[in-house]
Amino acid sequence: MGRRATHRMEFLSKNILQSQARSASSLFVMGNPVVSKDCRSLFPKKNLLPVESNVQQVRSFAKAAQLTLETIREQVLGVCKQHEKVDAGRLTLNSHFLNDLGLDSLDHIEIIMAIEDEFGFEIPDVESDRLLTPADIAKYVGDKKNVGD
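Computed from a predicted structure; not experimentally measured.

A. Spatial organisation of the nonpolar core. Counting 23 residues, the largest nonpolar core has V76, I111, I115 and I137 as its most contacted members. Taken together, the elements giving at least two residues each to this core come down to α3 (69-82), α4 (105-119) and α6 (134-144). Examining the composition of this core, we find that six residues originate from one element, α3, more than from any other. Ignoring sequence-local partners within four residues, the contact set of V76 consists of I115, F119, P134, I137 and A138.

Structure (structure tokens):
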């Protein structure tokens, strides 16, 4: 298993545990907690209270916006800005993740994973190692989505 796959598994495991911890307190049916036996030891019953949710489900049937190289660039920059270690003030399309922004290889992998989630396809490790600037990523995504200049 490659370093990226190992990091992805660690990342997903951490997020699953955090997600279970957040949602376990709101899972009740008729006042009884609906939590697997494995999680019950983490959350004592006496401290759990039902939580009301104001989340609404929205269905959209609108046509997807036309993808252009410019919109891809904006989305890539948006994903990069969301990363906790990226200084948005220093981020440009030509900012090198390692040299200019001071990110390490794990940060780079996390950004690539976020890009994969944003655009809905996986980027092979060999390719991701070459994508060192937002411009590189935008060009790669544009090529994969068959978007011209």
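Okay, back to it.
B. Fine view of the packing of α3 against α4. Packing of α3 against α4 leaves a shortest axis separation of 10 Å and a crossing angle of 135°. As summarised for this structure, α3 and α4 are arranged oblique, according to the angle between their axes. Where α3 crosses over α4, the handedness of that crossing is right-handed. Only I111, A114, I115, E118 and F119 of α4 make contact with α3, whose side of the interface consists of I72, Q75, V76, V79 and C80. When its residues are assigned to classes, the contact of α3 with α4 shows eight nonpolar, one polar and one charged.

C. Up close: α4. For α4, spanning 15 residues, the distance from its first C-alpha to its last is 21 Å, which sits close to the expected 21 Å at 1.5 Å a residue. Between the side-chain oxygen at the start of α4 and the backbone nitrogen of L106 there is a gap of 3.2 Å, and the oxygen is on D104. Positive backbone phi, at 80°, marks G120, one or two positions downstream of α4.

D. A look at α3. With 14 residues, α3 should reach 20 Å at 1.5 Å per residue; the first-to-last C-alpha distance of 20 Å fits that figure. For α3, the set of buried residues is L69, I72, V76, L77, V79 and C80. Down the axis of α3, the buried side of the element spans an arc of 160°, and every buried residue falls inside it. Turned more than 90 degrees away from the buried face of α3 sit E74 and Q82, all of them exposed. Buried residues in α3 make contact with α4 and α6.

E. Representation of the environment of I115 in the model. Topologically, I115 is positioned in helix α4. C-alpha separation for the pair I115 and A138, spaced 23 residues apart in sequence, amounts to 9.6 Å. Once you skip the residues sitting within four places of it in the chain, I115 turns out to touch V76, V79, I123, I137 and V141.

F. Inspection of the environment of T68 at higher detail. By secondary structure assignment, the location of T68 is in the loop between α2 (37-40) and α3. Take T68: its relative accessible area is 32%, and that puts it in the partly exposed class. Between the alpha carbons of T68 and G148 there is a distance of 7.3 Å; along the sequence they are 80 residues apart.

G. Main features of the environment of G102. Here G102 shows up in the loop between α3 and α4. The class of G102 is exposed, set by a relative accessible area of 60%. Each C-alpha atom of the pair G102 and V86 lies 8.4 Å from the other, and the pair is 16 residues apart in sequence.

H. Local environment of the side chain of S128. Secondary-structure assignment places S128 in helix α5 (residues 125-128). The class for S128 is buried, based on a relative accessible area of 4%. Beyond its immediate stretch of four places on either side in the chain, S128 contacts R4, H108, I112 and I123.

Thresholds, definitions, all that
Residues numbered from 1 in each chain as written. Predicted model: local features only at pLDDT ≥ 70, side-chain atom pairs only at ≥ 80, totals over all residues. Heavy atoms only, no water. Core = buried A, V, L, I, M, F, W, Y, C linked by side-chain atoms within 4.5 Å. Buried < 20%, exposed > 50% of the residue type's maximum accessible area, 1.4 Å probe, protein only. Helix = DSSP H or I, 4+ residues; strand = E, 2+ residues; numbered from the N terminus. Contact = heavy atoms within 4.5 Å. Axes fitted to C-alpha atoms, helices over the stretch in contact; angles between N-to-C directions. Parallel < 35°, antiparallel > 145°, perpendicular 65-115°, else oblique. Left-handed = near helix turned anticlockwise from the far one by under 90°. Nonpolar A, V, L, I, M, F, W, Y, C, P; charged D, E, K, R; others polar. Expected span 1.5 Å × (residues − 1). Polar contact = N/O pair within 3.5 Å; in protein donor to acceptor, adjacent residues only side chain to side chain. Arc of directions from axis to C-beta.

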